[in-house]
Amino acid sequence: AGWPWCTMTLNLEALPDAQRAQHAQRAQALQALAQREWDMVIIGGGITGAGILLEAARRGYRALLVEQRDFAWGTSSRSSKLVHGGLRYLKEGQLGLTRDSVRERQNLLRQASGLVEPQSFAFADYQGRKPGRWLFQLGLAVYDWLAGQRARHHYPADEFLMLAPHIARTDLKGGLCYTDAKTDDARLVLRVLQEARGLGGVAINYLGAEQLLRADDSSDGRVSGVQLRDAAGGGVYQVHAKVVVNATGAWADILRQQQGAPRRLRPLRGSHLVLPAWRLPVAQAVSLMHPQDGRPVFAFPWEGATLVGTTDVDHGADLQQEARITEAEVRYLLAALDFQFPQLQLTRADVIATYAGVRPVIDTGKADPSKEGRDHAVWMEQGLLTVTGGKLTTFRLIALDALRHLESLLPPPNPTQPDAPVLAPSSPLPVQGGLATQQRQRLQGHYGSLAGAVVAAAQAGELSAISGTETLWVELRWAARTETVVHLQDLL
């Protein structure tokens, strides 16, 4: 009761037969895929793999993407949900990374409105606290210059308290504001895959890479394909391709070690708290330096709740197990909230959920995990191209870099426009069904050219939002119907 999408009926007695029929249909489809000759097989269904599939499909390549679990299951659904230029990278001298990130952020804001949205950040300036107004303001001026924009940054204490009314007031001198962007990271992956499929790319979830295949006529053991195992049906399939791309992020060393390559990644865990918006109400994102170690921490409104993050610690657990927050990380983030919002008296009882993701960071041996660089890396090793590291914001640039490394191994591509949008523009939804302007924009951003079909699929009451969220009931129906949901957690 109360879940309209559950009106889709299911004959429980017939379920085993239906499941067998589905498995047989899937097995036939996978067998057909295995018999095709591919230009490219991409392993990994996060934002990096999805971006490579999209750019490959645009160029006319026969490209197949496989993911061992559900799309965006790993890091790409567990990020800080920010499409940002990396303001802190300026401090570390990574001007090129910041420039590229800012420009890609601006592109996504223009081309994916409703999915990538502006988010204002507020940073309080207190007496005696670093970095101080003038140094921070200089960094923001450079940040805006890279983005080709100018904005007011500093506000006196009385005006700043109107922007962030629940912060600590003792020794408050004023504050600074700047603009970045936020997104639904998992939905961004699905939108990119949707675009790729529309151009002829193929993406299959629950199909894991079990073993790299070698060319029989290759003296150096060059990779010529991959053996895949169907996690849903259990079948094993061998797929051959001109190139194999390892886009598995923090898991990339697992495939590389089949090549005898040394480990090069340092998995770092970033964990987050989720609080009800009424318990931690923030119209602006509030950013602060943690009192223990000076790392940046933020709280910002997202999808009807408030996210708090993030940590940055070495992740020594088994990568095949779901990452989770530790007790020490909970205490760390709560200490930041108590420091910045003392009058709210927030406790662990206010936390309604947590999540953690593992970042693929190149290991350079730095003692402080936060000091490791966030640039992406591309390695070609005996025909296996590994693409890892980098940021959510720059997924398109990472994909283009990967394809540049593969040009000599692939047939001539179809011509592409250098200024083509990251995502194809979608037609505006008609004013109907009582949808607010913001809801229509959100659907257009989330579903692109399919937004109209999503609305048309709605049954009575399904164009209303699920309480406490911005998600419409019809989105659950659409996901269950069209987005290769295999397990309940895929839908959730």
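Remember, it's a predicted structure, so these values are computed and weren't measured experimentally.

About the cut-offs
Residues numbered from 1 in each chain as written. Predicted model: local features only at pLDDT ≥ 70, side-chain atom pairs only at ≥ 80, totals over all residues. Heavy atoms only, no water. Helix = DSSP H or I, 4+ residues; strand = E, 2+ residues; numbered from the N terminus. Rg over C-alpha atoms; globule rule 2.2 N^0.38 Å. Buried < 20%, exposed > 50% of the residue type's maximum accessible area, 1.4 Å probe, protein only. Core = buried A, V, L, I, M, F, W, Y, C linked by side-chain atoms within 4.5 Å. Contact = heavy atoms within 4.5 Å. Axes fitted to C-alpha atoms, helices over the stretch in contact; angles between N-to-C directions. Parallel < 35°, antiparallel > 145°, perpendicular 65-115°, else oblique. Nonpolar A, V, L, I, M, F, W, Y, C, P; charged D, E, K, R; others polar. Expected span 1.5 Å × (residues − 1). 1 Å grid on protein atoms, 1.4 Å probe; cavity = no way out; pocket = protein on both sides within 12 Å on 5 of 7 lines; lining within 4 Å. Points joined across faces, edges and corners; volume = space filled by probe spheres on them. Phe/Tyr/Trp six-rings, centres within 6.5 Å; stacked < 30°, edge-to-face > 60°. Lys NZ or Arg CZ within 6 Å of the ring centre and 35° of its normal. Pairing = 2+ DSSP bridges.

J.: Whenever I open this one, the overall build of the protein chain confuses me. Can you help?
T.: Secondary structure summary: the protein chain contains 14 helices and 17 strands in total. Relative to its length of 492 residues, the protein chain is compact, with a C-alpha radius of gyration of 23 Å against a globular reference of 23 Å. Along the three orthogonal principal directions, the C-alpha set of the protein chain runs to about 70 × 55 × 45 Å. Looking at the 492 residues of the protein chain, the share that counts as buried comes to 54%.

J.: Explain the environment of Arg-129 here, please?
T.: Tracing the sequence through the fold places Arg-129 in the loop between strand E3 (116-126) and helix H5 (133-147). On the basis of relative accessibility, which here comes to 31%, the residue Arg-129 falls in the partly exposed class. In the structure, Arg-129 is positioned 162 residues away from Pro-291 in sequence and 9.6 Å away in space, judged by C-alpha atoms.

J.: How should the nonpolar core be read in this particular structure?
T.: The nonpolar side chains of soluble globular proteins are, as a tendency, buried together. Within the largest apolar cluster, 42 residues are counted, with the highest numbers of intra-cluster contacts made by Met-40, Ile-52 and Val-245. Every element with two or more residues in this core is listed here: strand E1 (37-43), helix H2 (47-58), strand E2 (63-67), helix H4 (95-111), helix H7 (185-198), strand E9 (236-246), strand E17 (384-389) and helix H10 (395-406). Not counting residues up to four positions away in its chain, the partners in contact with Ile-52 are Met-40, Ile-42, Val-245, Ala-247, Val-387, Ala-399 and Ala-402. Counting 31 residues, the second largest nonpolar core, distinct from the first, contains Leu-161, Cys-177, Leu-275 and Leu-346.

J.: For this particular structure, what's the right way to read the packing of H4 against H10?
T.: Relative placement of two packed helices is described by the angle separating their axes and the distance separating the axes. Look at H4 against H10: their axes get within 9 Å of each other, and the N-to-C directions meet at 110°. Classified by the angle between their axes, H4 and H10 sit roughly perpendicular to one another. Along the contact surface, H4 presents Asp-100, Glu-104, Asn-107 and Leu-108, while H10 presents Phe-395, Arg-396 and Leu-397. Classifying every residue of the contact of H4 with H10 gives 3 nonpolar, 1 polar and 3 charged.

J.: Looking at this structure, I do not really get H4. What am I missing?
T.: The periodicity of an α-helix, 3.6 residues per turn, causes residues three or four places apart in sequence to face the same way. For H4, which comprises 17 residues, the first-to-last C-alpha distance of 24 Å matches the rise-based estimate of 24 Å (1.5 Å per residue) to within 8%. Taken residue by residue, H4 has Leu-97, Thr-98, Ser-101, Val-102, Glu-104, Arg-105, Gln-106, Asn-107, Leu-108 and Leu-109 as its buried positions.

J.: Mind showing me how you'd approach H10 here?
T.: A rise of 1.5 Å per residue sets the reference length of H10, with its 12 residues, at 16 Å; its end C-alpha atoms lie 17 Å apart and thus fit the reference within 8%. In terms of burial, H10 is largely enclosed, as 9 of its 12 residues are buried. Inspection of H10 places Phe-395, Arg-396, Ile-398, Ala-399, Leu-400, Asp-401, Ala-402, Leu-403 and Leu-406 among the buried residues, and these make up the whole buried set.

J.: I'm lost on empty space enclosed by the protein in this one. Help?
T.: The gaps left among the atoms become clear once a water-sized probe is rolled over them. Taken as a whole and judged by the stated rule, the model has 2 cavities of 30 Å³ or more. Lining the largest cavity are Trp-73, Gly-74, Thr-75, Arg-78, Trp-251, Leu-319, Gln-321, Glu-322, Ala-323, Ala-356, Gly-357 and Val-358. The space that makes up the second largest cavity amounts to roughly 30 Å³. Of all the elements in the fold, those that place two or more residues in the lining of the second largest cavity are helix H1 (15-34) and E9. Considering every element that reaches the lining of the second largest cavity, the biggest residue donor is H1, with 3 residues. Partitioned by chemical class, the residues of the lining of the second largest cavity number 8 nonpolar, no polar and no charged.

J.: It is not clear to me how the packing of aromatic side chains should be interpreted in this structure. Could you clarify?
T.: Given two aromatic rings, their pairing is described by the distance between the two centres and the angle made by the two planes. The final tally for this structure, using the stated rule, is 3 aromatic pairs. Judged by centre distance (6.1 Å) and plane angle (55°), the rings of Trp-73 and Trp-251 are tilted. Of this pair, Trp-73 sits in the loop between E2 and helix H3 (87-91) while Trp-251 sits in the loop between E9 and helix H8 (252-256), placing them 178 residues apart in sequence. Pair check on accessibility: Trp-73 and Trp-251 agree, each one buried. Taken together, a centroid distance of 5.5 Å and an interplanar angle of 50° make the contact between Phe-298 and Phe-300 tilted. For the residue pair Phe-298 and Phe-300, the accessibility class agrees, reading buried in each case. Note that Arg-69 overlies the ring of Trp-73, its terminal NZ or CZ placed 4.0 Å from the centroid.

J.: Please clarify how the environment of Ala-215 should be interpreted in this entry.
T.: Within the secondary structure, Ala-215 is located in the loop between strand E7 (207-214) and strand E8 (223-230). By relative accessible area, which is 11% here, Ala-215 ends up buried. Residues Ala-215 and Leu-410, 195 residues apart in the sequence, show an inter-C-alpha distance of 16 Å. If we ignore the near neighbours within four places in the chain, the residues touching Ala-215 are Arg-222 and Ser-224.

J.: Hey, could you run me through the layout of surface pockets in this one?
T.: There is about 1500 Å³ of room inside the second largest pocket. As for the second largest pocket, its lining consists of 41 residues, and the residues nearest its centre are Asp-184, Ala-186, Trp-302, Leu-491 and Leu-492. At the level of elements, H7, strand E13 (305-309), strand E15 (353-362), helix H11 (437-447), helix H13 (473-482) and helix H14 (488-491) are the ones that each hand at least two residues to the lining of the second largest pocket. Residue composition of the lining of the second largest pocket, by class: 21 nonpolar, 7 polar and 13 charged.

J.: What is the right way to look at the pairing of E1 in this model?
T.: A regular strand carries its side chains on alternate faces of the sheet. Burial analysis of E1 places 6 of its 7 residues in the buried class, the great majority of the element. The sheet contact formed by E1 and E9 spans 6 bridges and is parallel. By the bridge assignment for E9, Trp-38 is matched with Ala-241. In terms of strand pairing, E1 meets E2 through 4 bridges, oriented parallel. For Val-41, the partnering residue across the bridge sits in E2 and is Leu-64.

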